[in-house]
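# Structural overview for review
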Amino acid sequence: MIKKTLYFGNPAYLSLRQGQMVIKLPEIERNDTLPEIMKRQSEVTKSIEDIGVVVLDNRQITITQGLLEALLENNSAVITCDSRSMPVGLMLPLCGNTVQSERFRDQIEASQPLKKQLWQQTVKAKINNQATVLAVCTGMEVKNMRRWVDDVRSGDPDNLEGRAAAYYWKNIFSVYPEVGCFVRDRDGLPPNNLLNYGYAILRAVVARALVSSGMLPTFGIHHHNRYNAYCLVDDIMEPYRPYVDELVFSMIAEVDGHLLELTRETKARLLSIPTLDVIICGKRSPLMVAVSQTTASLYKCFSGELRRISYPER
C-alpha cells in the first residue's frame, strides 16, 4: 500500500479524533466573510493508517501530542522545516518491528567484510542509475561510467563513487546555459535548492523504511560521521538519489531551463517522490514500496539469509 505524504504550508491545527487526523485551518474559521457552511467544510480528516510522511512548514502549526503518538505508532515520519522552508528535523518511531532487539544485534554484529561488500553493491547501483539518468537527460555517452560500475571493488577503495559523481554533476545540467557550470553544494546556487528539498523527502522515506524493518538508522555500512544520526539512511538512499535528480531535471526542462525557486508548486512536485515509478527485482513499483523492499533485503543480508541488497534499476 502506498502511504500518503501530507504537506502543511499554512497555519493549521492538527489533532486526533477516532483514529483520524483532524485538520483545521484557523484562517478560514476566523474569516467572517465566508458562509458558515464553508467554515464547517474547512475541517478535513485523514486516516492515520494512510499517512507515511508529514511535512510541517509553517511556524503557526499546532500539532497535538495525541496525534504525534498515533503517527509514530503508525510508523509515519514527521518532518519539520525552518524559516527558509527547508527540512530541518525528522521524527521517527523508536519501535518499528516486533523483533527489534534481535535485528539490532544482527546489524551491529555485521562483519566489516560484509559491510564492504554491501557498500560495493550500493556504489555500483548508484553509479549505474546515475549513468542512465545522464544518458536519458542529456543524450551523452556514458561508457566510462558503465566501466566504473564494473571496476568498483569491495569497500570502493578507489573512490569510484566520487569520480562518477564529479563527472555526473559536471554534465547533468550542462544543457541549460542558465544553470552554468553547476556545482553540487548544499548551500550552493539553484537547482541545489530543489535537490536539497527532494533529498530530504527521500531521506525521510528511507529512514521510515529502515525503522520499519527493525534496524538502527544510526549505524551505517559506510557513512560513519559521529555527528550524523542517520548514517545508514545516507548509505541506503544513494542509489535512489538519481530519481530525485531526474525529477528536478524534468522540472527545469518544463520552464525552458530557467532556474526555479522553492514555491508551493515546486514543493508539490517534489513531494511526489515517494510515488515515483521505479523498477526493482524486474517489477515496476512506487519508490516508497521499493525502499521497503530494499531495507527488508538489507536486514536479510545482515542475518545471513541473502548476499545482495535489492536496489532499483533506472
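Now for a quick tour of the structure. Everything numeric in this text was worked out from a predicted model, so none of it was measured.

### Considering helix α6 (residues 143–151)
- Among all positions of α6, only Asn144, Met145, Trp148 and Val149 are buried. Down the axis, α6 shows its buried residues gathered within 150° of arc, on one side only. Pointing more than 90 degrees away from the buried face of α6 are the exposed residues Lys143 and Asp150.
- Where α6 is buried, its residues touch α5 (112–138) and α7 (160–171).

### Things to note about the sheet that holds strand β2 (residues 12–17)
- The sheet built from four strands is open, its strands ordered β4-β3-β2-β6 with mixed pairing. With partners counted over all chains shown, the strands left at the sheet margins are β4 (44–47) and β6 (61–63), one partner each. When strand polarity is set aside, the average angle formed by the axes of neighbouring strands in this sheet is 20°.
- Here strand β3 (residues 20–24) runs beside β4; their pairing, made up of four bridges, is antiparallel.

### Structural notes on the packing of aromatic side chains
- In total, this model carries seven aromatic pairs according to the counting rule given.
- Ring geometry for Trp169 against Phe182: centres 5.6 Å apart, planes inclined by 50°, an arrangement best described as tilted. Of this pair, Trp169 sits in helix α7 while Phe182 is found in the loop between α7 and α8 (192–212), placing the two residues 13 residues apart along the sequence. Neither residue differs from the other here; Trp169 and Phe182 are each classed as buried.

Definitions and cut-offs
Residues numbered from 1 in each chain as written. Predicted model: local features only at pLDDT ≥ 70, side-chain atom pairs only at ≥ 80, totals over all residues. Heavy atoms only, no water. Buried < 20%, exposed > 50% of the residue type's maximum accessible area, 1.4 Å probe, protein only. Helix = DSSP H or I, 4+ residues; strand = E, 2+ residues; numbered from the N terminus. Arc of directions from axis to C-beta. Contact = heavy atoms within 4.5 Å. Pairing = 2+ DSSP bridges. Axes fitted to C-alpha atoms, helices over the stretch in contact; angles between N-to-C directions. Phe/Tyr/Trp six-rings, centres within 6.5 Å; stacked < 30°, edge-to-face > 60°.

Nothing here speaks to function; it is geometry throughout.
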